[in-house]
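These are the residues of each chain, in order.
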Amino acid sequence: MSILNEISDAMQRGRAASVKELVNKALSEGISAKSILEDALLPGMDIIGVKFKNNHIYVPEVLIAARAMNAGSELLKPYLTEEGVEEKGTVIIGTVKGDLHDIGKNLVRMMMEGKGLKVIDLGVDVSADKFVTAASENDADVIACSALLTTTMNEMKNIVIKAKEVNLRAKVIVGGAPVTESFRESIGADGYSQDAATAAELALSFCN
Ligand code: B1M
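None of the values given here were measured: they were computed from a predicted structure.

Caption draft 1: Geometry of the nonpolar core. Counting 44 residues, the largest nonpolar core has I7, M11, I36, L41, L76 and M112 as the members making the most contacts within it. Elements with a contribution of two residues or more to this core: helix 1 (3-12), helix 2 (16-28), helix 3 (33-53), helix 4 (59-80), strand 1 (90-95), helix 5 (103-114), strand 3 (142-146) and helix 9 (196-205). Inspection of this core shows a minimum of three residues originating in each of domain 1 (3-83) and domain 2 (90-205). Ignoring sequence-local partners within four residues, the contact set of I36 consists of L4, I7, V23, A26, L27, I31, L41 and L76.

Caption draft 2: Focus on the coordination of the cobalt atom of the ligand. Coordination of the cobalt atom of the ligand by the protein involves just one donor, H101 (NE2), at a distance of 2.2 Å. Inspection of the secondary structure assignment puts H101 in the loop between strand 1 and helix 5.

Caption draft 3: Region of interest: the sheet that holds strand 5 (residues 191-192). The five strands lie next to each other as 2-1-3-4-5, forming an open sheet whose pairing is parallel. The strands lining the two open edges of the sheet, one partner per strand, are strand 2 (118-121) and strand 5. For strand 3 and strand 4 (residues 171-175), the ladder comprises five bridges, and the chain directions are parallel. Counterpart to A144 in the pairing with strand 4 is I173. Set on the sheet, helix 5 makes contact with strand 1, strand 2, strand 3 and strand 4; between it and strand 1 the angle comes to about 170°. Strand contacts of helix 7 (residues 155-165): strand 3 and strand 4, with the helix running at about 175° to strand 4, the strand carrying the most contacts.

Caption draft 4: Examining the domain arrangement of the chain more closely. Assigned domains of the chain: these are domain 1 (3-83) and domain 2 (90-205). Between domain 1 and domain 2, the C-alpha centre-to-centre distance is 24 Å. Domain 1 puts 12 residues into the contact, and the matching count from domain 2 is nine residues. Together, the buried faces of domain 1 and domain 2 total about 930 Å²; carbon and sulfur atoms form 64% of this surface. Interface area lost by domain 1 to domain 2 is led by N70, K77 and L80, which between them contribute 44%. At the boundary of domain 1 and domain 2, one finds two salt bridges. Taken together, the connections running from domain 1 to domain 2 amount to four residue pairs in polar contact (both at pLDDT 80 or more). At the level of elements, helix 3 and helix 4 are the ones that each hand at least two residues to the side of domain 1 that touches domain 2. Considering every element that reaches the side of domain 1 that touches domain 2, the biggest residue donor is helix 4, with seven residues. Of the residues contributing to the side of domain 1 that touches domain 2, the split by class is six nonpolar, three polar and three charged.

Caption draft 5: Quick look at the packing of helix 1 against helix 3. In the contact formed by helix 1 and helix 3, the axes pass within 9 Å of each other and the chain directions differ by 40°. Like other packed secondary-structure pairs, helix 1 and helix 3 cross with a definite hand, here right-handed. Contact residues: L4, I7, S8, M11 and Q12 in helix 1; S35, I36, D39, A40, L41, G44, M45, I47, I48 and K51 in helix 3. Split by residue class, the contact of helix 1 with helix 3 holds nine nonpolar, four polar and two charged.

So, how was this worked out
Numbers given to residues run from 1 along each chain, matching the order in which its sequence is written. Only residues with pLDDT of at least 70 get local features here, since the model is predicted, and only at 80 or more are side-chain atom pairs given and counted; chain-wide, interface and lining totals rely on the full set of residues. Where side-chain values are given, they derive from all heavy atoms of the structure, hydrogens and water being excluded. Here, the term nonpolar core denotes a set of buried Ala, Val, Leu, Ile, Met, Phe, Trp, Tyr and Cys residues that are joined through side-chain atoms within 4.5 Å. Each residue's exposure class comes from its accessible area (1.4 Å probe, protein chains only) as a fraction of the maximum for that residue type: buried when under 20%, exposed when over 50%, partly exposed otherwise. Only DSSP runs of H or I reaching four residues or more are called helices, and only runs of E reaching two or more are called strands; each is numbered from the N terminus. What fixes the domain bounds is an automatic or database domain assignment. Note on contacts: a residue pair qualifies if any of its non-hydrogen atoms lie within 4.5 Å across the two residues. Donor criterion used throughout: N, O or S atom within 2.8 Å of the metal, extended to 3.2 Å for Na, K and Ca. Water excluded; incomplete-looking sites may result. Two strands qualify as a pair provided DSSP detects at least 2 bridges between them. In this analysis, axes come from line fits to C-alpha atoms, helices being fitted only over the stretch in contact, and the angle between any two N-to-C directions falls in the range 0 to 180 degrees. Accessible area that two parts lose when put together, evaluated with a 1.4 Å probe and summed over both, is termed the buried area. Throughout this description, the term salt bridge denotes a Lys or Arg side-chain nitrogen within 4 Å of a carboxyl oxygen of Asp or Glu. Polar contacts, as used here, are pairs of N or O atoms within 3.5 Å; protein pairs need one atom able to donate a hydrogen and one able to accept it. Residues neighboring in sequence count only if both atoms are side-chain atoms. Throughout this entry, Asp, Glu, Lys and Arg are counted as charged residues, while Ala, Val, Leu, Ile, Met, Phe, Trp, Tyr, Cys and Pro are counted as nonpolar. The remaining residues, Gly among them, count as polar. Here is the rule for handedness: rotate from the far helix to the near one, and if that takes an anticlockwise turn smaller than a right angle the crossing is left-handed, while a clockwise turn gives right-handed.

In structure tokens, the structure reads:
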């Protein structure tokens, strides 16, 4: 089995310690952080998603796989982030109210930090008020919100409404698996992106 398959396999089994060990080994063998993310961790999580959907595994198994995924991707952070780049803007990031999914949001944060943006991470289950208050207090350029549930993505509309109410300077950008460009348009958000890398580019484009 290739080391990338081993990483994917250990992640799906929720073996965080093995994932860390294997990721470090892969890095020391010269495999790029991008490849470890895109060819091992992300496809592994796709498999977990399919098994979860088909009731082959349940929330506890998904949760430990998610912890292993986060443990592996944290190790990649220094490689995805350019050292010593001047701060180019401030982003407030979080997963919307009612939603506890944070793996995608964490990747988006990492990619944004990699572009030299200062990212203030509010975590998960973040209310519209909290997003807007944090953006205002930190004079942020961008609010980036993530949602993974069709039931919680509507919370993004409240963020757009609140931001307009207080005439916030920050642009609101949205993303997450169920979110689409037409949804963005329907709620009047300023931008949408499908993945972490383009989310970082989009955020940067809104910074002065
Ligand atoms: Co949940 N879950 N989950 N889950 N979970 C999904 C999302 C689901 C699709 C699974 C399924 O049925 N196939 C389904 C949602 C169905 C729907 O709404 N249409 C679902 C469900 C139903 C639930 C619960 C309701 C289950 C239950 O309790 N019965 C429950 C809800 C809890 C809650 O939030 N209130 C629940 C719970 C959980 C766990 C806690 C067990 C765990 C989360 C752990 C964690 O995040 N720490 C979990 C997981 C892991 C998943 C799946 C398997 C994987 C999600 C993930 O991390 N993907 C997921 C199935 C799937 O997506 N295939 C599923 C990897 C990640 C890198 O991708 O987050 O899409 P993603 O991020 C991408 C892009 O979307 C984008 O960039 C990222 C990287 O490219 N992106 C952005 C993300 N945010 C962005 C923000 C931006 C821009 C781009 O801002 C501008």
